[in-house]
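# A look at the structure
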Amino acid sequence: MLNSAVYIVGAGPGDPDLLTIKAKKILDQADVILYANSLVPKQILKDVRSDAELIPTGSKTLEDIIPLMIERVRNNKSVVRLHSGDLTLYSAIHEQMQALAEAQIPVQLVPGIGAFQDAAAKLGVELTVPGLVQSIILTRISGRASSVPEAEELASLAAHKASLALYLAARHVESAQAKLLEHYPPDTPVAICYRLGWEDEKIRVVPLSEMAKISREEDLIRTTMYLVSPALAGKQVEARSQLYHPQHSHLFRQGKVV
Ligand SMILES: C[S@@+](CC[C@H](N)C(=O)[O-])C[C@H]1O[C@@H](n2cnc3c(N)ncnc32)[C@H](O)[C@@H]1O
């Protein structure tokens, strides 16, 4: 039985099997579900209660959404606010939480699997390969709705040559490619990940120098994330961590002396 509260839930990238157990339990019991319909596919809602009130939010403003949530909770309803992927990334939940706190509405957050994690699993790669790359940058391109602070400009992040997941960039893919090329070699593999977990999912691994051309040619524009990483070179990468090396000692295992 859920409380009269707002549960802000990460839905994962699109595959219902990638909902967390906690997210699924809450979703399937909720009285009211507000969902970002441009980013959350209908299949995520397949097991919700037949009498649940479903409210798509794609055409609504914050000023429409907040009073809806407040009114339902004050009428003793459990409300799910469903966002795609994980909540920590570009979910615009900060302003929703502030408004709900002002109205003294209880809120609980439930994390989800992010698109970059689904992409790495489907590509069969670790994004932190020892001796090759040990950091992951999650970033975006400035858009009409939000601008990226100057200190986080894509070209300066590219200088780290880390594994980099680039969100909200497909409409500006030419300039994104040019900024990445300031530091990554042109043959760095890029996975163009279109609608992961949706029925029309496409993943193309291409050299960085062709990222824009292939995106445009194959019309991989809406709901696309780019994963740029030397780790995507797959079998060509030879590396091993010390963690499971026979000569490495740690708290739970004495390494062999040779
Ligand atoms: C508003 S952001 C939301 C990100 C979301 N919170 C997450 O963790 O994936 C939307 C952007 O995330 C990326 N994205 C979200 N879901 C995706 C999916 N299923 N496949 C590919 N990219 C996705 C795309 O870059 C899209 O433009």
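Keep in mind it's a predicted model, so treat the numbers as computed, not measured.

Scanning the protein chain from terminus to terminus reveals seven helices and 10 strands. Across the 258 residues that make up the protein chain, the buried fraction comes to 45%. For the protein chain, the accessible area works out to roughly 13900 Å², and carbon and sulfur atoms hold 52% of it. Computing the positive centroid from 27 side-chain charges and the negative centroid from 29, the protein chain places the two 4 Å apart.

Of all residues adjacent to the ligand, which total 18 residues, the nearest are Pro13, Asp86, Leu89, Leu196 and Thr224. Note that a nitrogen atom of the ligand is positioned 2.8 Å from one of the backbone N or O atoms of Asp86. Within the backbone of Leu196, an N or O atom sits 2.8 Å from a nitrogen atom of the ligand. The protein chains hide 93% of the 560 Å² of surface that the ligand would expose on its own. A molecule is said to occupy a pocket when more than half its atoms come within 2 Å of that pocket's grid points, and by this definition the ligand occupies the largest pocket. Taken together, the residues of the shell around the ligand sort by class into 11 nonpolar, five polar and two charged.

So, about the UniProt feature "domain: Tetrapyrrole methylase" (unreviewed entry) in the protein chain. Under the UniProt annotation, the feature "domain: Tetrapyrrole methylase" (unreviewed entry) is placed at residues 6–211. Between the end C-alpha atoms of residues 6–211 there is a gap of 40 Å, over a span that is 27% helix and 21% strand.

Another point: the domain arrangement of the protein chain. Looking at the assigned domains, one finds that the protein chain contains domain 1 (6–110) and domain 2 (115–234). Taken residue by residue, the interface counts 11 residues in domain 1 and 13 residues in domain 2. Its largest share of buried area at the contact with domain 2, domain 1 owes to Pro13, Leu89 and Tyr90, together 53% of the area lost on that side. At the surface where domain 1 touches domain 2, the tally comes to zero salt bridges. For the pair domain 1 and domain 2, the interface holds three residue pairs in polar contact (both at pLDDT 80 or more). For the side of domain 1 that touches domain 2, a count of residues per class yields seven nonpolar, three polar and one charged.

Here we take up the packing of aromatic side chains. Under the definition given, this model contains one aromatic pair. When the ring centre of Tyr90 is taken as origin, the NZ or CZ atom of Arg140, which lies over that ring, is 5.5 Å away.

Below, the discussion takes up unusual backbone geometry. Non-glycine residue Tyr90 carries a positive phi angle of around 50°. Tracing the backbone shows Tyr90 in the loop between β4 (79–83) and α3 (93–102). Exposure remark for Tyr90: the relative accessible area of 37% places this residue in the partly exposed category. With a phi close to 50°, Lys161 is a non-glycine residue in the positive phi region. In this structure, Lys161 sits in the loop between α5 (154–158) and β7 (163–167).

Moving on, we come to the environment of Arg81. Looking at the element boundaries, Arg81 is found in strand β4. Under the relative-accessibility criterion, Arg81 is labelled buried at 4%. Along the sequence, Arg81 and Gln98 sit 17 residues apart, while their C-alpha atoms lie 14 Å from each other. Once you skip the residues sitting within four places of it in the chain, Arg81 turns out to touch Val6, Tyr7, Ile8, Val9, Leu34, Tyr35, Ala36, Thr57, Ile65, Met69 and Gln96. Here the side chain of Arg81 touches Thr57 through a polar contact of 3.3 Å, side chain to side chain.

What counts and how
Here the residue numbers are simple positions, counted from 1 along each chain's written sequence. Per-residue local features are limited, in this predicted model, to residues with pLDDT of at least 70; the limit for side-chain atom pairs, both in listing and counting, is 80 or more; totals at the level of whole chains, interfaces and linings are taken over all residues. With hydrogens and water stripped out, all remaining heavy atoms of the structure feed into the side-chain values. In this description a helix means any DSSP run of H or I spanning at least four residues, a strand means any run of E spanning at least two, and both kinds are numbered starting from the N terminus. Three labels apply to residues, based on accessible area from a 1.4 Å probe with only protein chains included: buried if under 20% of the type maximum, exposed if over 50%, partly exposed otherwise in between. Only the protein chains shown count as cover for residues, and the accessible areas themselves come from Shrake-Rupley with a 1.4 Å probe. The charged-residue count follows a simple rule in which Lys and Arg add positive charge and Asp and Glu add negative charge, with His and chain termini not counted at all. The atom standing in for a charge is NZ when the residue is Lys, CZ when it is Arg, CG when it is Asp and CD when it is Glu. Here, proximity means that at least one heavy atom of the residue falls within 4 Å of the molecule or strand. Contacts described as polar in this section are N or O atom pairs within 3.5 Å, which, within protein, must combine one atom able to donate a hydrogen with one able to accept it, while residues neighboring in sequence count only if both atoms come from side chains. The rule is simple: put a 1 Å grid over the protein atoms alone, call a set of points where a 1.4 Å probe fits but cannot get out a cavity, call an open set with protein on both sides within 12 Å along at least five of seven lines a pocket, and count a residue as lining if it has an atom within 4 Å of a point. Just a note on the criterion: a molecule sits in a pocket or cavity if more than half of its atoms are within 2 Å of the grid points. In the scheme used here, Gly and all other residues not listed as nonpolar or charged are polar, with Ala, Val, Leu, Ile, Met, Phe, Trp, Tyr, Cys and Pro taken as nonpolar and Asp, Glu, Lys and Arg as charged. UniProt positions are given in the numbering used here, feature names are shortened, and annotations may be inferred rather than shown by experiment. Residue ranges assigned to each domain were obtained from an automatic or database domain assignment. The contact rule is simple, with two residues in contact once any of their heavy atoms fall within 4.5 Å. Accessible area that two parts lose when put together, evaluated with a 1.4 Å probe and summed over both, is termed the buried area. Salt bridges are identified by distance alone: a Lys or Arg side-chain nitrogen within 4 Å of an Asp or Glu carboxyl oxygen. Ring pairs are drawn from Phe, Tyr and Trp, using the six-membered ring of Trp, whenever the two centres fall within 6.5 Å, and their geometry is named by plane angle: stacked under 30 degrees, edge-to-face over 60, tilted for the rest. Only when the NZ of Lys or the CZ of Arg is both within 6 Å of the ring centre and within 35 degrees of the ring normal is a charge said to sit over the ring.

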